[in-house]
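An overview of the molecular structure
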Amino acid sequence: MTNIVCDKLGIRYPILQGPMAWASDSKLAASVSNAGGLGIMGLGFCPPAIFEAEIRAARALTEAPFGLNIITCLPDADKLLEITLRQGIRVVEIETFPAYFDTLPRYVEALRSHGAATIGKASSVSEAKVFEAAGVDFISVKGYDGGGHIFGLTGTFSLIPQVVDAVSIPVINSSGVADGRGVAASLMLGAAGVEVGSRFLVAEECPIHANYKNAIVAAGEGDTVLTGVSAGDGVRGVKNRLTDELLRLERELPPEEAAERIREIGRGVLRAAAIDGDVENGSLVVGQNLGLLDAILPASVIMQELIAGYSRVAPRAT
């Protein structure tokens, strides 16, 4: 499975663990990196002190490469960039909102000048081209069926080959992969690697509340819903009391009023699920592949299953 992703990032397998707020800390990232992939901490929303503390914690847990994310539109982004450069982080995934695309070249240049590999998170062909123009090394593509914040309208396995054809840098598929079949399919569509999020939500090392993990395992195909589209910030997660209320507001209120109410209700709902374990009023973000997430396992075992599953099915494509 060694390829340009492995060579550039210094890893054994082209399997990345996606950065997820409240869900991918130093322990999970280090576990994935120790298993031959690349763990990426979801620290983009963290205060600077926690951001730096998690970097130190990861270094104490692994000698393998690991990464983190920076969200350029947030108030502390420049402080997080300074810490990242000072700490010599080798891999950074860059995310932002379209209104802040003009910030990307500055961040990419600063990171690359310090030797860091950069990954741009895109949800459409047009966004992928923006990140390529900004100078990133890789494009991580998230389709409509992914979990959490959703900004594009195209499903993963329709989007990946279109992005691969549109850019000249390697593409990583960051949605829809829960087993080795997804890894193999992604590579067949032209991706150079995969970034796995939802599957690692149910890793033993993932810090989210046990209630959250158990709700994912108990759910099945068709149990996710996309809310907040009228507010300009769609979020995919497991159906519950919160999503019922958000969808009701979108049906019954004018768009601007619905958007305002959704933003009010949405404050703190991810923390409520991930930390407090409130599975009815919290946001249980997860992708449409949750029907494949049927067991809570160590991250190393998840990595082994991804690799073994790929090895079983890849020869069928030849």
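Residues numbered from 1 in each chain as written. Predicted model: local features only at pLDDT ≥ 70, side-chain atom pairs only at ≥ 80, totals over all residues. Heavy atoms only, no water.

Across its full length, the protein chain holds 14 helices and eleven strands. Whereas a compact globule of 318 residues would reach a radius of gyration of roughly 20 Å, the protein chain reaches 18 Å, a difference of no more than 12%. Taken over the C-alpha atoms alone, the protein chain extends approximately 50 × 45 × 40 Å along its principal axes. Burial statistics for the protein chain: of 318 residues in total, 55% are counted as buried. When contacts within the protein chain are restricted to residue pairs at least 6 apart in sequence, those whose partners lie at least 24 apart make up 64%. (Helix = DSSP H or I, 4+ residues; strand = E, 2+ residues; numbered from the N terminus. Rg over C-alpha atoms; globule rule 2.2 N^0.38 Å. Buried < 20%, exposed > 50% of the residue type's maximum accessible area, 1.4 Å probe, protein only. Contact = heavy atoms within 4.5 Å.)

Pairing in this closed barrel of eight strands is parallel, and the strands run S1-S2-S3-S4-S5-S6-S8-S9 around the ring. Averaged over all neighbouring strand pairs, the angle between strand axes comes to 30°, with direction disregarded. Where helix H7 (residues 156-166) meets the sheet, it contacts strand S6 (138-141) and strand S8 (171-173), and its direction lies at approximately 175° from that of S8. (Pairing = 2+ DSSP bridges. Axes fitted to C-alpha atoms, helices over the stretch in contact; angles between N-to-C directions.)

Moving on: unusual backbone geometry. In this structure, Trp 22 takes a positive phi of about 65° despite not being glycine. Relative to the elements of secondary structure, Trp 22 occurs in the loop between strand S1 (15-17) and helix H2 (26-34).

So, on to the sheet that holds strand S7 (residues 148-150). The sheet built from three strands is open, its strands ordered S7-S11-S10 with antiparallel pairing. If you trace the sheet from one side to the other, it starts and ends with S7 and strand S10 (224-227), each paired once. Strand after strand, the sheet turns through a mean of 30° between neighbouring axes, direction not considered. Bridging between S10 and strand S11 (residues 234-238) involves four bridges; their strand directions are antiparallel. Each bridged residue has a counterpart across the sheet, and for Thr 224 the counterpart in S11 is Val 238. Packed on one face of the sheet, helix H11 (residues 241-252) meets S10 and S11 and runs near 40° to S10.

Looking now at the pairing of strand S2 (residues 38-41). By the alternation rule, side chains of S2 split into Leu 38 and Ile 40 and Gly 39 and Met 41, which are all buried. Here S1 runs beside S2; their pairing, made up of two bridges, is parallel. Looking across to S2, one finds that Leu 16 is bridged to Leu 38. One crossover worth recording links S1 to the parallel S2 by way of H2, and it is right-handed. Examined bridge by bridge, S2 and strand S3 (residues 66-71) share three bridges and lie parallel to one another. Residue pairing across strands places Gly 39 opposite Phe 66, the latter belonging to S3. (Right-handed = clockwise from strand over helix to strand, strands pointing away.)

With that settled, the discussion passes to the pairing of S6. Neither face of S6 is left uncovered, since the one carrying Phe 138 and Ser 140 and the one carrying Ile 139 and Val 141 both have all their residues buried. As defined by bridge partners, strand S5 (residues 117-122) adjoins S6 across four bridges and the pair is classed as parallel. If you follow Lys 121 over to S6, its bridge partner there is Ser 140. You can see the chain leave S5, run along helix H6 (residues 125-134) and come back into S6, and the turn it takes is right-handed.

With that out of the way, let us pick up a nonpolar patch on the surface. On the surface, Phe 97, Tyr 100 and Phe 151 cluster together into a nonpolar patch covering about 270 Å² of accessible area. Relative to the helices and strands, Phe 97 is located in the loop between strand S4 (91-95) and helix H5 (104-113). (Patch = residues over 30% accessible without salt bridge, like charges linked within 9 Å, V, L, I, M, F, W, Y side chains within 5 Å. Areas by Shrake-Rupley, 256 points an atom, 1.4 Å probe, with all protein chains shown as cover. Salt bridge = Lys/Arg side-chain N within 4 Å of Asp/Glu carboxyl O.)

Between the first and last C-alpha of H11 there are 17 Å, a value that for twelve residues agrees with the 16 Å anticipated at 1.5 Å per step. Looking at H11, one finds that the buried residues are Leu 242, Thr 243, Leu 246 and Leu 249. End-on view of H11: buried residues confined to an arc of 125°, all on one side of the axis. Exposed residues pointing more than 90 degrees away from the buried face of H11 are listed as Arg 251 and Glu 252. By the N-cap criterion, in which a side-chain oxygen at the helix start approaches the backbone nitrogen of a residue two or three places on, H11 is capped by Asn 240, the distance to Leu 242 being 3.1 Å. (Expected span 1.5 Å × (residues − 1). Arc of directions from axis to C-beta. Polar contact = N/O pair within 3.5 Å; in protein donor to acceptor, adjacent residues only side chain to side chain.)

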